Amino acid sequence: MPGQSVQGTLSVRHLNLAPIVNDARQRTDLTADARLDIRAHRLSDLESMRGTVSVNAPRLVASGYSAQNVKVDARVDGRRIEGRGRRLRTAPRRPPPAA
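Residues numbered from 1 in each chain as written. Predicted model: local features only at pLDDT ≥ 70, side-chain atom pairs only at ≥ 80, totals over all residues. Heavy atoms only, no water.

Draft legend 1. Molecular detail of unusual backbone geometry. Phi at H14 takes a positive value of approximately 55 degrees, unusual for a residue other than glycine. Examined against the element boundaries, H14 turns out to sit in strand β1 (residues 4-15). Accessibility expressed as a relative area gives 57% for H14, which makes it exposed. Non-glycine residue N69 carries a positive phi angle of around 50 degrees. (Helix = DSSP H or I, 4+ residues; strand = E, 2+ residues; numbered from the N terminus. Buried < 20%, exposed > 50% of the residue type's maximum accessible area, 1.4 Å probe, protein only.)

What follows is the structure in structure tokens.
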């Protein structure tokens, strides 16, 4: 398939998406390593995306939840994503104690 592709590894440590989405309420704390092998006619064309993604995340905090030791292997086929994953623990995130 001619077009665009992404292949390689990506690591993030304590990524906060709030500044990226311009919304302080969307604060995150994401730590993960990912392996990507995705191709598409254009990467902006979700229907044409095909490939695989593997994620190993020791810690994910978002939308009031916290998950540890998340592992996911997925196949991407357009807007459909199928995969297998596991997580050691997911729990509502507790706010810090009042000062």
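Draft legend 2. Up close: the nonpolar core. Counting five residues, the largest nonpolar core consists of I38, A40, M49, V53 and V76. Beyond its immediate sequence surroundings of up to four residues, V76 is in contact with I38, M49, R50, G51, V53 and I81. (Core = buried A, V, L, I, M, F, W, Y, C linked by side-chain atoms within 4.5 Å. Contact = heavy atoms within 4.5 Å.)

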